[in-house]
Amino acid sequence: MSLTFHWFLPTNGDSRHVVGGGHGTPVTTTGGDRPPTVAYLSQIARAAEELGFVGALTPTGAWCEDAWLTTAMVSQNTERLKFLVAFRPGFVSPTLAAQMASTFQRQTGGRLLLNVVTGGESHEQKAYGDFLDKDARYRRTGEFLEIVRGLWQGKTVGLAGEHLRVEEAELARLPDPVPEVYFGGSSPIAGEVAAKHVDVYLTWGEPPAAVAEKIAWIRGLAAKEGRTLRFGIRLHVITRDTPEQAWAEANRLLEGFDPETVRSVQAGLARSESEGQQRMLALHRGGRDRLEIHPNLWAGIGLVRGGAGTALVGSHDEVAERIKEYHSLGIDEFVLSGYPHLEEAYWFGEGVLPRLQARGLWSHPFRGATAARPVAQIPFADAGGRR
């Protein structure tokens, strides 16, 4: 089975430095270095598509551009790249979400993947009018996915749940293909939702031993439901021709972390209700020493960024070996990113992917394929998003 790689669209802005944000923390000022214009994001998307990434993740939250609208626009400037659109079930009705997904599939030739984000921060949820506690949000997510999946199957759905209620809901046109659902969460109730409803379970980049425990946990829960899931991991990457060059780049990023910014971000993230976020914080505990927590796995990104806080750092051969190590645990999909996202896509795509191909672990998904639909040609943007 060929490994699947996805890239990331920085809809909160891009830079040659780490752009913070996520889990209730604000975007750092470096996010303005390269604004998230459609032109610049399209440039990243076209590069990812050419290099062999299957899809591109877009985040969700008050700190970034809306994922649905942005990917709908960027999709018109790409041909085959899929979009892993993050969205929060509590902010839109399940019937409307199912309809939006169906429309997206028709208008893009079937290039939608859904990343369901339940929401780990109550204060951020309340800003959107959602006052449920964390466990209740996960129970609502389960009801949401039950309704959406029923609609996608062409059923007339009625459900009177604890949080959601629909009567005689149905879609006039079904999505083709049905979008796959990606989902992450480290709490017990998150595991229950994943086992029952999702296609791909995502974990953040913890050391292999911790990832192996998570995979075993979710596999066991899914087996009780008579289901089999795939597994993916979310990581940043810093890969260069030599280890020395890669670690020099990691140290350059680290030197750019203002101590006051680190203290402020860490204080904010310490209040996070997300168990996954707390696991990320435990990897570095806010300190700059011993950030290499496993060979080639660096926790420095998490000092100034919420969510995924670890990066694979090393030579192209070393990074390929770490990917092989995670794959041996059961990870088949890798959702990657790097600063800046345009340049790092090329470092990984031209440096690591050929090595994985030589090992028989990857093949280019688009080479020799015929475009499913014509796309508008746009002039590439410069680094600031200007044409």
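Residues numbered from 1 in each chain as written. Predicted model: local features only at pLDDT ≥ 70, side-chain atom pairs only at ≥ 80, totals over all residues. Heavy atoms only, no water.

A. View of the overall build of the chain. Looking only at helices and strands, the chain has 13 helices and 13 strands in total. Against the compact-globule benchmark of 21 Å for 387 residues, the chain has a radius of gyration of 20 Å, which places it among compact chains. Considering the chain as a whole, with its 387 residues, one finds that 59% of them fall into the buried category. Of all intrachain contacts in the chain linking residues separated by at least 6 positions in sequence, the fraction that spans at least 24 positions is 75%. A total accessible area of about 15600 Å² is found for the chain, and carbon and sulfur atoms account for 50% of it. Positive and negative side-chain charges in the chain, numbering 41 and 45 respectively, have mean positions lying 2 Å apart. (Helix = DSSP H or I, 4+ residues; strand = E, 2+ residues; numbered from the N terminus. Rg over C-alpha atoms; globule rule 2.2 N^0.38 Å. Buried < 20%, exposed > 50% of the residue type's maximum accessible area, 1.4 Å probe, protein only. Contact = heavy atoms within 4.5 Å. Areas by Shrake-Rupley, 256 points an atom, 1.4 Å probe, with all protein chains shown as cover. Lys, Arg positive; Asp, Glu negative; His and termini not counted. Charge placed at Lys NZ, Arg CZ, Asp CG, Glu CD.)

B. Quick look at the environment of Gly-22. With respect to the element layout, Gly-22 can be found in the loop between strand E1 (4-8) and helix H1 (38-51). Relative accessible area serves as the criterion here: at 3%, Gly-22 is assigned to the buried category. For the pair Gly-22 and Leu-291, spaced 269 residues apart in the sequence, the C-alpha separation amounts to 21 Å. In contact with Gly-22, other than residues within four places in its own chain, are Trp-63, Leu-269 and Gly-306.

C. Structural detail: helix H8 (residues 243-255). End to end, H8 covers 18 Å across 13 residues, agreeing with the expected 18 Å (1.5 Å per residue, within 8%). Ala-246, Glu-249, Ala-250, Leu-253 and Leu-254 are the residues of H8 that are buried. For H8, the buried positions fall inside an angular range of 140° around the axis, keeping them on one side. Residues of H8 that are exposed and point over 90 degrees away from its buried face: Glu-244 and Glu-255. As for H8, its buried residues are in contact with strand E9 (230-240), strand E11 (297-298) and strand E12 (311-315). (Expected span 1.5 Å × (residues − 1). Arc of directions from axis to C-beta.)

D. Spatial organisation of the nonpolar core. Phe-5, Ile-323, Tyr-326, Phe-334, Phe-348 and Leu-356 are the most contacted members of the largest nonpolar core, which has 75 residues in total. Beyond its immediate sequence surroundings of up to four residues, Leu-356 is in contact with Phe-5, Ala-320, Ile-323, Leu-361 and Trp-362. Counting 20 residues, the second largest nonpolar core, distinct from the first, contains Val-18, Ala-250, Phe-257 and Val-304. (Core = buried A, V, L, I, M, F, W, Y, C linked by side-chain atoms within 4.5 Å.)

E. The arrangement of helix H6 (residues 188-197) in detail. Here H6 lies mainly inside the structure; seven of its 10 residues are buried. Buried within H6 are the following residues: Ile-189, Ala-190, Gly-191, Val-193, Ala-194, Ala-195 and His-197. Residues of H6 that are buried in the fold lie against helix H5 (134-152), strand E7 (181-184), strand E8 (200-204) and helix H7 (208-224).

F. Focus on the confidence of the model for the chain. With 93% of its residues at a pLDDT of at least 70, the chain reaches an overall mean of 91. Under a pLDDT of 50 for its full length, residues 369-387 has, in the predicted model, 40 contacts with residues more than four places off or in other chains. (pLDDT = per-residue confidence, 0-100.)

G. Region of the structure containing the pattern of salt bridges. Within the structure shown, the criterion is met by 22 salt bridges. Residue Glu-206 is joined to Arg-279 by a salt bridge in which the shortest nitrogen-to-oxygen separation is 2.8 Å. With Glu-206 in the loop between E8 and H7 and Arg-279 in helix H10 (residues 275-282), the pair connects residues that are 73 residues apart, well separated along the chain. Within the structure, one salt-bridge network assembled from shared partners comprises Asp-317, Glu-321, Arg-355 and Arg-359. (Salt bridge = Lys/Arg side-chain N within 4 Å of Asp/Glu carboxyl O.)

H. Fine view of the pairing of strand E13 (residues 333-337). Summarising burial for E13: five of the five residues are buried, a large majority. Residues Glu-333, Val-335 and Ser-337 line one face of E13 and the alternating positions Phe-334 and Leu-336 line the opposite face, and both faces are buried. Bridge count for E1 against E13 is three bridges, and the pairing is parallel. Bridge pairing in E13 links Thr-4 to Glu-333. The pairing of E9 with E13 spans five bridges and is classified as parallel. Looking across to E13, one finds that Leu-235 is bridged to Leu-336. (Pairing = 2+ DSSP bridges.)

I. Structural view of the side chain of Glu-206. When its relative accessible area of 5% is taken as the criterion, Glu-206 is described as buried. Excluding residues within four positions of it along the chain, Glu-206 makes contact with Val-211, Lys-214, Arg-279, Met-280, Leu-297 and Tyr-326.

J. Region of the structure containing the packing of H7 against helix H11 (residues 316-329). The geometry of H7 relative to H11 is characterised by a closest axis approach of 9 Å and an angle of 30° between their N-to-C directions. In terms of axis orientation, H7 runs roughly parallel to H11. Here the hand of the crossing between H7 and H11 comes out right-handed. Contact residues: Pro-208, Val-211, Ala-212, Ile-215 and Arg-219 in H7; Glu-325, Tyr-326 and Leu-329 in H11. Class assignment for the residues of the contact of H7 with H11 results in six nonpolar, no polar and two charged. (Axes fitted to C-alpha atoms, helices over the stretch in contact; angles between N-to-C directions. Parallel < 35°, antiparallel > 145°, perpendicular 65-115°, else oblique. Left-handed = near helix turned anticlockwise from the far one by under 90°. Nonpolar A, V, L, I, M, F, W, Y, C, P; charged D, E, K, R; others polar.)

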